[in-house]
Amino acid sequence: MRLSAGERREAVVRAAFAEFAGRGYHGTSTEAIARRAGVSQPYLFRFFPTKHALFEAATDRCFRRLAQALGEAPATLEGMSRACAELRADRDVTLMLLQAAATAASPGQDAFAARVRRGWLDLWDLAGERTGAPPAELAALFARSLPVAAPPHPTPIAPPAQASPSLPIPAAGGQTR
């Protein structure tokens, strides 16, 4: 049976999802994704012009799976918590969320970080609309139910201006000042 272009594209995204989840962005080759999807590497690039575009599609797939689970769950915090627990048991979902968060936190990934934040905000809105829960209860749901359930912070947290006086600070050459 011959697959349509849309079905092959979906097969590539599913393969990318599994590969990126297990190996991360830098540890995954497009060759491995193509092999898993049963297509050639040049054919893969007909669908996705870059490896990063493919990573974005895999991340979007992860958020769609989460949204589907929240959308099909009973419209209660408990029901959504159970749905999230079932998804958390899917190793690839958990790992893909972690890989997306790590990539979003990398230097030069501002647009991707915004995409990941948008994914989390959409899930937040969906859960809020379906349950009517106040923000504190939604925050508790996400904190206990999903890994890395906080969107990456847009700027890194700055180190303290001064080191604590009780901690010795090594100077050049390893000597303590």
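Position numbers for residues count from 1 along each chain, tracking the sequence in the order it is written. Restriction of local features to residues with pLDDT of at least 70 applies here, the model being predicted, together with a cutoff of 80 or more for giving and counting side-chain atom pairs; totals for whole chains, interfaces and linings are based on all residues. Derived side-chain values reflect all non-hydrogen atoms in the structure, with water molecules and hydrogen atoms excluded from consideration.

Caption draft 1: Representation of the pattern of salt bridges in the model. We count a salt bridge whenever a side-chain nitrogen from Lys or Arg sits within 4 Å of a carboxyl oxygen from Asp or Glu. Applying the stated criterion across every chain, the model contains nine salt bridges. Among the salt bridges present, the one from Glu-19 reaches Arg-23, with a minimum N-O distance of 2.9 Å. On the criterion of helical spacing, the pair formed by Glu-19 and Arg-23 is a turn pair, its members being four residues apart in helix H1 (residues 5-27). Only protein chains enter the accessibility calculation, which uses a 1.4 Å probe. A residue is then buried if its area is under 20% of the maximum for its type, exposed if over 50%, and partly exposed in between. Residue class for Glu-19 comes out buried when judged on its relative accessible area of 6%. The partner of Arg-65 in a salt bridge is Asp-90, and the shortest N-O contact between them spans 2.7 Å. Linking Arg-65 in helix H4 (residues 51-72) with Asp-90 in the loop between helix H5 (77-88) and helix H6 (91-104), this pair joins segments that are 25 residues apart in sequence. Among the residues examined, Asp-90 registers a relative accessible area of 24% and is labelled partly exposed. If you follow the salt bridges from partner to partner, you end up with Glu-19, Arg-23 and Arg-36 in one network. Secondary structure elements are defined from DSSP: runs of H or I of at least 4 residues count as helices, runs of E of at least 2 residues count as strands, and each element is numbered from the N terminus.

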